Amino acid sequence: FFLSNLKTVNVFMVGVGLIGGTLLKQISEQEESLQKTQKLQINVVGLANSKKMLFEENGIDLSKWKDHLDNSQNQSSVAGFVENMKQMNLPNSVFIDNTANKSLPDI
């Protein structure tokens with residue numbers, strides 16, 4: 001009765017260089033259109049690069065993600081990222097690997 005008609009997808013992304021940064025820009029630019037036409041809300045809740053990682057259960061502000069990630073106190077580690085992902089236990093979660101790390105898919 002009071003539920004939103006939007007479906008939410010929670011995104012965890014490792015690798016925010018050229019490819020990852022471009023994907024975040026596209027998600028941000030298409031947010032309104034996705035909500036209207038597809039009834040889809042993409043909620044980026046976890047980001048990591050080789051140095052830092054950032055988590056925000058309610059969604060990371062995509063207009064300021066670089067600053068927030070750079071200022072994060074969480075040092076990056078694949079195991080730490082995966083553990084945070086598991087602990088958040090969010091429904092409809094998607095993991096995106098934009099790295100060239102060959103060991104990442106094995107985790």
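In this report, the structure presented in the accompanying data block is examined. (Residues numbered from 1 in each chain as written. Predicted model: local features only at pLDDT ≥ 70, side-chain atom pairs only at ≥ 80, totals over all residues. Heavy atoms only, no water.)

**Focus on the packing of aromatic side chains**
Any pair of aromatic rings gets described here by the distance separating the centres and the angle formed by the planes. If you walk through the whole model with that rule in mind, you get 3 aromatic pairs. When the centroid spacing of 6.3 Å and the interplanar angle of 90° are considered together, the rings of Phe12 and Phe81 count as edge-to-face. Of the two residues, Phe12 sits in strand β1 (residues 7-14) while Phe81 sits in helix α3 (residues 78-88), which places them 69 residues apart along the sequence. Of the two residues examined, Phe12 and Phe81, each falls in the buried class. (Phe/Tyr/Trp six-rings, centres within 6.5 Å; stacked < 30°, edge-to-face > 60°. Helix = DSSP H or I, 4+ residues; strand = E, 2+ residues; numbered from the N terminus. Buried < 20%, exposed > 50% of the residue type's maximum accessible area, 1.4 Å probe, protein only.)

**Let's talk about helix α1 (residues 18-38)**
Maximum bend of α1: about 55°, positioned at Gln30. Listed as buried for α1 are Gly20, Gly21, Leu24 and Ile27. Its buried side turned inward, α1 meets β1, β2 (40-48) and α2 (65-70). Of the residues one or two after α1, Lys39 is the one with positive phi, at around 55°. (Bend = angle between axes of the 7 residues up to and from the residue. Contact = heavy atoms within 4.5 Å.)

**Thoughts on unusual backbone geometry**
One non-glycine residue with positive phi stands out, namely Lys39, at about 55°. Mapped onto the elements of the fold, Lys39 is located in the loop between α1 and β2. Residue Lys39 is classed as partly exposed on the basis of its relative accessible area, which comes to 37%. If you check the backbone angles, Asn89 has positive phi at about 50° while not being a glycine. Judged by its relative accessible area of 63%, Asn89 is exposed.

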